[in-house]
Structure formats: structure tokens, C-alpha cells
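Commentary on secondary and tertiary structure
The chain contents come next:
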There are 4 protein chains.
Amino acid sequence: MSLAQRIQVDLNCDMAESFGPYTLGHDELIMPHITSANIACGFHAGDPSVMRKTVALAKAHGVRVGAHPGYPDLAGFGRRQMGLTPHEIYDGLVYQIGALLGVARSQNAEVTHVKVHGALYNAAAVDERLATAIARAIRDVDSALWLVGMCGSEIIEAGLTAGLRVAREVFADRAYQADGTLVPRNLPGAVHTDVSLVVRQALDMVTKGFVTAVSGERIPVSADTMCTRGRAACSSFCEHYA
Amino acid sequence: MSLAQRIQVDLNCDMAESFGPYTLGHDELIMPHITSANIACGFHAGDPSVMRKTVALAKAHGVRVGAHPGYPDLAGFGRRQMGLTPHEIYDGLVYQIGALLGVARSQNAEVTHVKVHGALYNAAAVDERLATAIARAIRDVDSALWLVGMCGSEIIEAGLTAGLRVAREVFADRAYQADGTLVPRNLPGAVHTDVSLVVRQALDMVTKGFVTAVSGERIPVSADTMCTRGRAACSSFCEHYA
Amino acid sequence: MSLAQRIQVDLNCDMAESFGPYTLGHDELIMPHITSANIACGFHAGDPSVMRKTVALAKAHGVRVGAHPGYPDLAGFGRRQMGLTPHEIYDGLVYQIGALLGVARSQNAEVTHVKVHGALYNAAAVDERLATAIARAIRDVDSALWLVGMCGSEIIEAGLTAGLRVAREVFADRAYQADGTLVPRNLPGAVHTDVSLVVRQALDMVTKGFVTAVSGERIPVSADTMCTRGRAACSSFCEHYA
Amino acid sequence: MSLAQRIQVDLNCDMAESFGPYTLGHDELIMPHITSANIACGFHAGDPSVMRKTVALAKAHGVRVGAHPGYPDLAGFGRRQMGLTPHEIYDGLVYQIGALLGVARSQNAEVTHVKVHGALYNAAAVDERLATAIARAIRDVDSALWLVGMCGSEIIEAGLTAGLRVAREVFADRAYQADGTLVPRNLPGAVHTDVSLVVRQALDMVTKGFVTAVSGERIPVSADTMCTRGRAACSSFCEHYA
């Protein structure tokens, strides 16, 4: 049995992060290699025109379209923690998911999932109240949407409690801590730059169900979907194994 | 036959114009008196929490919920002309209508119509390319939405061409010019402050099909819906005649 | 000896918090009663036109003009904590103080002091790194500026270390905790609404050098300047004792 | 006599146009080749950190630092016309120039000039009221600042009337119309991409006092400063002739 036959995992990527005159990311190059695109919705990145183009691109490649809402902080790219209340989080998510629904409808495309971004993603992984607000926002807009969240974290529990289908996400290019959380981006070694390491971590997670933490321990993971950032890592993995 | 029996007109009002710590308008006081609420969508005014509260308020009063998208200019309240291309207008509308769809869905409310705001409203009344972009954006998000626009203007033509149902709007508290357009806000006398004048203009438009321009001429109008701003004028009209 | 002769304290007030079409505060009513105006600089509130008008108003009343910079969060009014780095804080302060310098220069007015706003004020009271970044930003723009900060907190230490003159601020209308910090706004009783209580706390702080915490303890304070918000409290205090 | 001896012209470049996570321009590569840097001030592009870094870079290269204020339209990069009143323009300029003053002061750098950006630049070239508002804003902040503006346009007149020193700007890489204005960016041929053409136009303007319009006519120009965008054109010109 070949490796290709054994591996079945959704590859997702954060996209539509350009804004006005500013270009970020390599959406056109990455789109052919993934199965789910997370579309930034204008709060931490993205704008209406970028969203339209990226949804069209995803549709052309048969890639699933999901909302990627974040904190209202363009200057900080949604990576700075913000003290929003669960109510504010809920309202912001409903708005952003709706905005993408509008864009998708205008192209007869479907929105299939929601994955929150950056600092909100991290907060939702450990804060039950935020996680619950997020899950309810998704359910209240459309209970058929999948919730994509950090494997093993609060957001997965919140999604299940809200009656949503959940996709547990793992990261091929991020270092893990012994407790199953990611090494914060501002620490050295947070992001793997060695492509072979990225590929091995991806294979470990998807085919063997574990990831090796920076402490050396093997942590069990369920990998429903794998986040792939960076063209090199993505195309490398895809070319060889997908 | 009483007056009340003869008058049948939709009363619409621009709402949800507060933002963050800032309060604008008298939504709670006006809502009981109108039949359609135009919800600002966060570009020229409004925010996700204000939208949620206003949709809930409309639903509680059995008032129709519509999108009220505008230029991306919070500081200028969408009243400053901006050189956006028709493509940018289209994308911005799809986004804003979608955002309101999300908010409405989360409350099992329906979005029934779209009316653009301020400087965009004025531009769409005379610029066929902008009007067409607006009509297509509405149709592409949901072809069942009504387009509300300035009676006798380009936007009505564009809506009909796009296959939309249109509602011709008249203004009870704005002075008209001989060509059927409104006296610009920055000119004296643009907004009627005399309540009796507002009421008479309303009755002329709704029951007799004309409005008296500042030049003294009677201009024929079709009044499917009447914009009512200001608590005094609205409640005065409603108490006496609605 | 009359009370009026004994009391000598700077009365400061946060101002210029309106934005575009939105009005907040009662600047015109309060200005005659205070001695220092803290001007919002466009990040958490305020805009260039509001700044100009408020500086002119302060100048007309012989009131000192100071910068009141905050987090870049208009929707949250700068009251939500944000995870900005000390470098980002430094840069944001230099920018905002400079912006007010421009406004002041254009009116031949002088900027005398800087007091940071809201969540940043609270963070700077307890986080030495943020406090240091703030003090250095002020010093680097103009070492003659006074730093106004929470009495007894880190920001006062940071200001002294940076070689700045500091003004220790006390609050007449905020409840204190036993450790000398303010009761957070989201807790009940955080803000005194009883004018007589406000006045008594003001007199205790200014003339007797203490404030009574919610726990009942008397906490020693040095009151170089007193923050006064709200028209009622301010005018009441001023009319009777200033 | 060598060419180098004959050519004496200020080379200016628009800079500091990155924002938060977004990078735009090649400031580090261009800075060694120019004599004046126009620093975006956060309205149409730029942010406080980008401003700090760019001022430091300019200072390190002995390049003059100027303010480059624009319309408050980050999404449109200040290139969309906006209907601001002269008062709003004035206030926005005072604010932005002040912000850069703050940044410059914090580094013991000097601000020497002001050049407005994009759509505001174009509007100020033909609208006397806007031009006057701009000139007065500059003068009121610091009457020693140079005003840089389109050679032969209203802004130059307004600057002289306000008592400012003015620098007439010419463009090496933009096509001119017979009336001395630039071919709008949205028309074909608006920007020269042929480096040899850029260099020839630059030399014609600086050494011979004319530019050849698209109609073939020679238009007289006074070239106090030349705008140089794009690394290729800039370094090519500088290497050969500066």
C-alpha cells in the first residue's frame, strides 16, 4: 500500500490576508495544493475585494471556503491579544461570518467552516467563555457550519456542546509544548523553517497520531485538518505525499 | 372615509448609526412608528453589537429589516463623496449586506431590502454605472431583496434592469429641486424643520402624488416608501395620520 | 482661614472625545471649571477637528493643554486591554503627542503635559516595562512635558527615572482598593454617583492626604492633580470649594 | 564641464508606506540615492513604527525628512478623491504634520518640508480653496517648512501667498499632458516604465527646463525637486548623473 493511499487529511490555509494596496501571502500559488481555504473577513486582514477574488479562486480549484474571523486590529494583524468581552466576540463573529456568506452567495459558492484567527484562536483554545461565545455565534448563523479549532482545546469542547461538527486542527510547521499548546510565536523555534521537519511532523500527526513536543515527549493528536502556511512547506508536502 | 384609511405607505428610517461608545439617533423611540428599518452596516456607521440590538428591536416591533450600506468613511458618516470604482462599490455592498444577513440569521430574522446611504445614495441616483453596480450586488447576494432608492432616479432604473423589485423613496423632511433631486444638505433650507411642512409634504406625496419644489413647481412622485428622520416629525406624522 | 484658601490642586479632565458625527462629553460646560485639559489624540477617541476646537476652547479659558494618548481602539474607546509591545506603545505615544503638538502650534498654544488613557493608564500603573516606554516617549518628544499618572504607581517611578516632572493623580469619583488601585470599571461601585461622596473624597485627598478604600482603610495619597469627570461632580466641587 | 557638475536638483521620494504587517516600497534601497524623503503619516499609509524607522533611516543617510500627509483612506491608499471640506483638510494636515514632528523630535531630526499625497496632491493642484487650506496648515504649524507641490499649479501660488518657501516638483516617470498636468494613473501610458525615457525626461526637466507632453509639445518647467519612484529608475538616474 502506498503512502498516498494511506494519508487522508484536509489541508487548510489562511488566505485573503491582503488589504487595499497591500499584498500578503501567496494565495494563487498555494490554492492548488489545499482542500480548505480560510478567508480573512476584514477585521484583522482582508477587504471585500480581496475576499471576492479569493473565494473565486477557491471555487475554481474546488477548495472549500471557510470564514477566518479575527480581532478588529488590522495594524496588529489580529495577533495581539485584546480584552473583548464574550458578547463582543460573538457579535464580531456573526458579522464577519455573515460578510463572507454575502461574498460566497454572490458567487454561488458555499461557506463550509469557520476557524478563528491568531490571538483569538489562541484565547479560544484556553478560555471556555470565549470558546462558547465563538461556538454559539457559528451555530446561530448556520448550524451546518463546521468549527475548526485547535486539537485538544476548549474550542473543540465548546463546538461539541453547541452541537456543531468540529474539525480538530494540527500544525505541521509549529512547535508544540508538552501540554499540547503551541510554542508562542515570539519565542525562538516557534515556527519550523526546516521543510523536512515540517513534512515529518505532518506525517507523524496524520499517519501516527502524535506530535513530538519541544520537550521531546510524544503528544497524541487527532488530525482532522492540518494548517499549512508557507508555500515551500505546503507544496513540498503536497508534491510528495498528497 | 377617514384619512387613515386612505394612506398606505411604508415608513422607513435609517438606524443603527451608533458606534462603540458613541450614541446617535433615537432608535428605540422611532421604531414603534415605522414599518422598515435601514440598518447601518459598519462602514459609515454602526458596529456588530449595535446591529444586533437594532435587529432585535425591529423584530420585536414587527418592523422590516433592511441593509443600509455606505462608503467606508466613519469619520465622515458616509456623507462625503468618495471616488470608489463600481467594482469597489459592488464588493463593499456584497460584504455589508452579507454582514447584516449574518446578524439577521443569528436572530431568525429576515432581511427584506437594501437602501444605500448618504453620499453613495446621491451618487447612485445620477450615476448609471454606480447604480448598476449596486443593483447587481443586491441581486447577486439575494434576488428576492427589494431595492429602495430615490424616486425617479437612475438607481430605480438599474434595479428594474437587474430584475429586482424596487421601492421608490420620497422624503418628507427634505426640500426638492425642480429636477426632482434633493437640495444638497450643505445648502440652506435643505432639511425642513417645520413639522407642519413635513406633514403636509408627506401627505402631498403619498395621497396626491406630487411634491412642491423650492422653485414652486409641483413634481410628480411615486411614493412606495417614505424616509422619516427625526423623532418629532416621525411621531407627529404617525400619531395624526398613520 | 477659608477652605478656598487652603485648597490648591490642579483639576484635570479628559476631553476631545467626540469623533466625526459623534458627540461625547460636555467639554464646553466643564472647561470653565478645570485647570488642565487632557486632549484625546485620535486613537481611542477624538479627531483632528475635535482636537482643534478643544485646544481653542482650553486656550480661551486659560486651561493647560495636555496630550491624552491611548490604545488604537476607537470601537472600544481605549478601555479594552491590548497586547501591544513596549516598542509599539512608545511609537504610538510619540505619534499622538506629536499630533497634538501640531494642533497646539497652529494656535500658538503650548502642550504642558501627557496623561495616557483608559486601559493603557491602568496597564502603565502596574507594568514597569510599559511605564518605562511611556516615560521615554514623553521625554524623547519634549523633556519639559509633565507626566501625569496614577498616584503611587509604576508610571510615577518611570517618570522620575526618565528625568520628567511628574504629577500624581487622584480620582474624586472612583472607588479605591486597599492596595491603592482603582476598583475596575466593570465592578459595582467603581464609580461614585453620589456627588456628596465625590466632594468628600476630593477634600480628603487634597486637604488631608488620604482616601478611604472600599475596605474602609485609609490610604495615603499625594494629590498633585485630580481627575474630574462628569459635569455634576465637577461643577459641584468647583462652585463650593475652588 | 561634466554633466555631474551641471545637475543640481533635489531628488525626493514618497516613503514609509508600509503598515502593520504589510510591506510596501523599497525604502532601504532607495534612501541612499535621494536627498528628500516624504514620510507617510498614517492616514493613507504608514504607521507610527514605520515612521520611526524611516526617519531613522533618512537621518542615517543625511536625507531631508518631510511630511507626506494624505486623505484618511488606508484601503484606497489616498488615491481616491474624497469630498473633504477645506477645514477638514486643514485639520488633517495639522495633525499629520504634527505627528511627524513628534517622531522627528524623538530622534533629534528636523522636519524640513511638506508634500501632500495622491488624490489630495492632484486636487490641490487645481482647487484654490484646498490649496489655500493646505498652505495655511503648513504655515500655522511651522512657517519655516517648505511646501513641495506640482510645478505650475495652484498649490505653488497658495504657498507663495501664505508666505512659505515653495519647491516646484516635477516627475521623471510620469507622462505630462499639454496643459502641464499629469496623465491620470488610470490611463495607459501614465507611468513611464522605460528607464531610458525616465532618465531623458529627468535631464530635460532639470537641465533644459522643459518636458515633452504626450501631445509632443514642449512645456516649460521649473524643477526644484524631482519625484522619483521605483528603484530601477532612481538608481539608474543617480548612478549615471547624480
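Here the structure is a predicted model, which means the values were calculated and not measured.

What to know about the interface of chain A and chain B
On the chain B side, the residues contacting the 22 residues of chain A number 22 residues. In this assembly, chain A packs against chain B so that about 1,900 Å² is buried in total across both faces, 58% of it on carbon and sulfur atoms. For Asp142 of chain A, the salt bridge identified is with Arg105 of chain B, shortest N-O distance 3.8 Å. Applying the counting rule to chain A against chain B returns 8 residue pairs in polar contact (both at pLDDT 80 or more). Among the elements of the structure, helix H3 (48-60), helix H4 (86-105) and helix H6 (128-141) of chain A are those that each provide at least two residues to the side of chain A that touches chain B.

Notes on the pattern of salt bridges
Residue and element names in this part refer to chain D. Taken as a whole, this structure holds 40 salt bridges over all chains when the rule is applied. With a closest N to O distance of 3.7 Å, Lys208 and Asp204 form a salt bridge. Remark: Asp204 and Lys208 occur in helix H8 (residues 195-208); sequence separation between them is 4 residues, near one turn of the helix. With a relative accessible area of 57%, Lys208 lands in the exposed category. Residue class for Asp204 comes out buried when judged on its relative accessible area of 9%.

A few points about the relation of the copies chain A and chain B
Superposition of chain A onto chain B requires a rotation of 180 degrees combined with a translation of 0.0 Å along the rotation axis, giving an RMSD of 0.0 Å. The superposition of one copy onto the other is thereby described by a two-fold rotation axis. Across chain A, the smallest distance between a C-alpha and the rotation axis is recorded for Ala99 of chain A, namely 2.0 Å. Mapped onto chain B, 100% of the interface residues of chain A are again interface residues, and the two copies thus contact each other with one and the same surface.

Considering the interface of chain C and chain D
Of the residues lining the interface, 22 residues belong to chain C; the matching set on chain D comes to 22 residues. Interface area, chain C with chain D, both sides summed: about 1,900 Å², of which 58% is carbon and sulfur. A per-residue breakdown of the area chain C buries against chain D is headed by Asp91, Tyr95 and Arg105 of chain C, which together make up 36% of the total. The tally of links from chain C across to chain D stands at 4 salt bridges. Among the salt bridges present, the one from Asp91 of chain D reaches Arg52 of chain C, with a minimum N-O distance of 2.5 Å. Applying the counting rule to chain C against chain D returns 7 residue pairs in polar contact (both at pLDDT 80 or more). Looking at the side of chain C that touches chain D, the elements with two or more residues in it are helix H3 (48-60), helix H4 (86-105) and helix H6 (128-141) of chain C. If one sorts the elements of the side of chain C that touches chain D by residue count, H4 of chain C sits on top with 11 residues. Looking at the side of chain C that touches chain D residue by residue, the class counts come to 11 nonpolar, 6 polar and 5 charged.

Considering the side chain of His117 of chain C
Residue and element names in this part refer to chain C. Examined against the element boundaries, His117 turns out to sit in the loop between strand S4 (111-114) and helix H5 (118-126). With relative accessibility at 3%, the residue His117 sits in the buried group. At 2.9 Å, the side chain of His117 forms a polar contact with the backbone oxygen of Phe77. Sequence-distant contacts of His117, defined by excluding residues within four places in its chain, comprise Asp14, Glu17, His44, His68, Pro69, Gly70, Phe77, Gly78 and Arg79.

Description of helix H7 (residues 154-161) of chain A
Residues and elements named next belong to chain A. Restricting attention to buried positions, one finds in H7 the residues Ile155, Ile156, Ala158 and Gly159. The arc that holds the buried residues of H7, viewed along the axis, is 165 degrees, so those residues lie on one side. Looking one or two places after H7, you find Gly163, whose phi comes out positive at around 85 degrees.

Quick notes on the confidence of the model for chain A
Residues and elements named next belong to chain A. Mean pLDDT over chain A stands at 92; residues scoring 70 or higher make up 92%. Every residue in residues 1-5 is under pLDDT 50, and counting partners more than four places away or in other chains gives 4 contacts. Interface confidence in the predicted complex, given as ipTM, is 0.92; pTM for the same model is 0.94.

So, the packing of H6 of chain C against helix H7 (residues 154-161) of chain C
Residue and element names in this part refer to chain C. Closest axis-to-axis distance for the H6/H7 pair is 8 Å, and the angle between their directions is 45 degrees. Between H6 and H7, the interaxial angle falls into the category oblique. Regarding H6 and H7, the two cross each other, and that crossing is right-handed. In this structure, H6 uses Glu128, Ala131, Thr132, Ile134 and Ala135 to contact H7, whose residues at the interface are Glu154, Ile155, Ala158 and Gly159. Residues that form the contact of H6 with H7 fall into these classes: 5 nonpolar, 2 polar and 2 charged.

Describing the relation of the copies chain C and chain D
Laying chain C over chain D is done by rotating through 180 degrees and shifting 0.0 Å along the axis; what remains is an RMSD of 0.0 Å. Comparing interface residues between copies, 100% of those in chain C also sit at the interface in chain D, which points to an isologous, same-surface contact.

Quick look at the environment of Ile30 of chain B
Residues and elements named next belong to chain B. Looking at where Ile30 falls in the secondary structure, it is placed in helix H2 (residues 27-30). Given the relative accessible area of 5%, Ile30 is considered buried. With 42 residues separating them along the chain, Ile30 and Pro72 place their C-alpha atoms 26 Å apart.

Looking at the nonpolar core
Inside soluble globular proteins, nonpolar side chains tend to come together where they are buried. Leu100 of chain A, Leu100 of chain B, Leu100 of chain C together with Leu100 of chain D are the most contacted members of the largest nonpolar core, which totals 308 residues. Residues within four places of Leu100 of chain C in sequence aside, it is in contact with Ile39, Cys41, Met51, Val55, Val65, Gly66, Ala67 and Val111 of chain C.

Some details on the pairing of strand S3 (residues 64-68) of chain C
Residues and elements named next belong to chain C. Taking burial as the measure, the 5 residues of S3 include 4 buried ones, the bulk of the element. Chirality of the crossover, the property in question, places the unit of strand S2 (residues 36-40), H3 and S3 among those that are right-handed. Relative to S4, S3 is paired through 3 bridges, and the arrangement is parallel. Within the sheet, the bridge partner assigned to Gly66 lies in S4 and is His113. Handedness of the β-α-β unit built from S3, H4 and S4 comes out right-handed.

Digging into the sheet that holds S4 of chain C
Reading around the circumference, S1-S2-S3-S4-S5-S6-S9 (chain C) is the order of the 7 strands in this closed barrel, with parallel pairing throughout. In this sheet, adjacent strand axes meet at a mean angle of 35 degrees when their direction is disregarded.

Considerations on the packing of aromatic side chains
Summed over all chains, the structure comprises 16 aromatic pairs over all chains. Judged by centre distance (5.2 Å) and plane angle (15 degrees), the ring pair of Tyr22 of chain B and Tyr22 of chain C falls under stacked. Here Tyr22 of chain C lies in the loop between strand S1 (10-15) and helix H2 (27-30) and Tyr22 of chain B lies in the loop between strand S1 (10-15) and H2, a pairing that spans two chains. Pairing Tyr95 of chain C with Tyr95 of chain D gives two aromatic rings, centres 6.0 Å apart and planes at 65 degrees, and the pair type is edge-to-face. One end of the pair, Tyr95 of chain C, is in helix H4; the other, Tyr95 of chain D, is in helix H4 (residues 86-105), on a second chain. On the basis of relative accessible area, Tyr95 of chain D is assigned to the buried category, the value being 3%. Following the ring pairs from residue to residue traces out a cluster consisting of Phe19 and Tyr22 of chain A together with Phe19 and Tyr22 of chain D.

Calculation criteria
- All residue numbers here refer to positions counted from 1 along the written sequence of the relevant chain.
- As a convention, the first chain written is A and the first ligand written is 1, with the rest following in written order.
- Totals for whole chains, interfaces and linings use every residue, but because this is a predicted model, local features are given only for residues with pLDDT of at least 70 and side-chain atom pairs only at 80 or more, for both listing and counting.
- Calculated side-chain values reflect all of the structure's heavy atoms, with hydrogen atoms and water omitted.
- When checking whether two residues touch, look at their non-hydrogen atoms; a contact exists if any pair is within 4.5 Å.
- By buried area we mean the combined loss of accessible area, with a 1.4 Å probe, across both parts when two parts are placed together.
- One side-chain nitrogen of Lys or Arg within 4 Å of one carboxyl oxygen of Asp or Glu is enough to make a salt bridge.
- For the purposes of these results, a polar contact is taken to be a pair of N or O atoms within 3.5 Å, where, inside protein, one atom must be able to donate a hydrogen and its partner to accept one; residues adjacent in sequence count only when each atom of the pair is a side-chain atom.
- Secondary structure follows DSSP: runs of H or I at least 4 residues long count as helices, runs of E at least 2 residues long count as strands, and numbering of each begins at the N terminus.
- Partly exposed residues are those whose accessible area sits between 20% and 50% of the maximum for their type, while under 20% is buried and over 50% is exposed, using a 1.4 Å probe and protein chains only.
- Alignment of copies: least-squares fit on C-alpha atoms of residues with pLDDT of at least 70 in both copies.
- Any residue outside Ala, Val, Leu, Ile, Met, Phe, Trp, Tyr, Cys, Pro, Asp, Glu, Lys and Arg is labelled polar, Gly included; the first ten of those are nonpolar and the last four are charged.
- This arc is built from the directions going out from the helix axis to the C-beta atoms.
- For every residue, the predictor states its confidence as a pLDDT score lying anywhere from 0 to 100.
- For helices, the fitted line uses only the C-alpha atoms of the stretch in contact; every axis is such a line through C-alpha atoms, and the angle between N-to-C directions lies from 0 to 180 degrees.
- Convention used here: angles under 35 degrees read as roughly parallel, angles over 145 as roughly antiparallel, angles from 65 to 115 as roughly perpendicular, and any remaining angle as oblique.
- We call a crossing left-handed when the near helix sits turned anticlockwise from the far one by less than a right angle, and right-handed when that turn is clockwise.
- Among the buried residues, those of types Ala, Val, Leu, Ile, Met, Phe, Trp, Tyr and Cys that are joined through side-chain atoms within 4.5 Å form a nonpolar core.
- Seen with its strands pointing away from the viewer, a crossover is right-handed when the path leading from the first strand over the helix to the second is clockwise.
- Any two strands between which DSSP finds at least two bridges are classified as paired.
- In this analysis, rings of Phe, Tyr and Trp, with Trp reduced to its six-membered ring, are considered paired at centre separations within 6.5 Å, and the interplanar angle assigns stacked below 30 degrees, edge-to-face beyond 60, and tilted for intermediate values.

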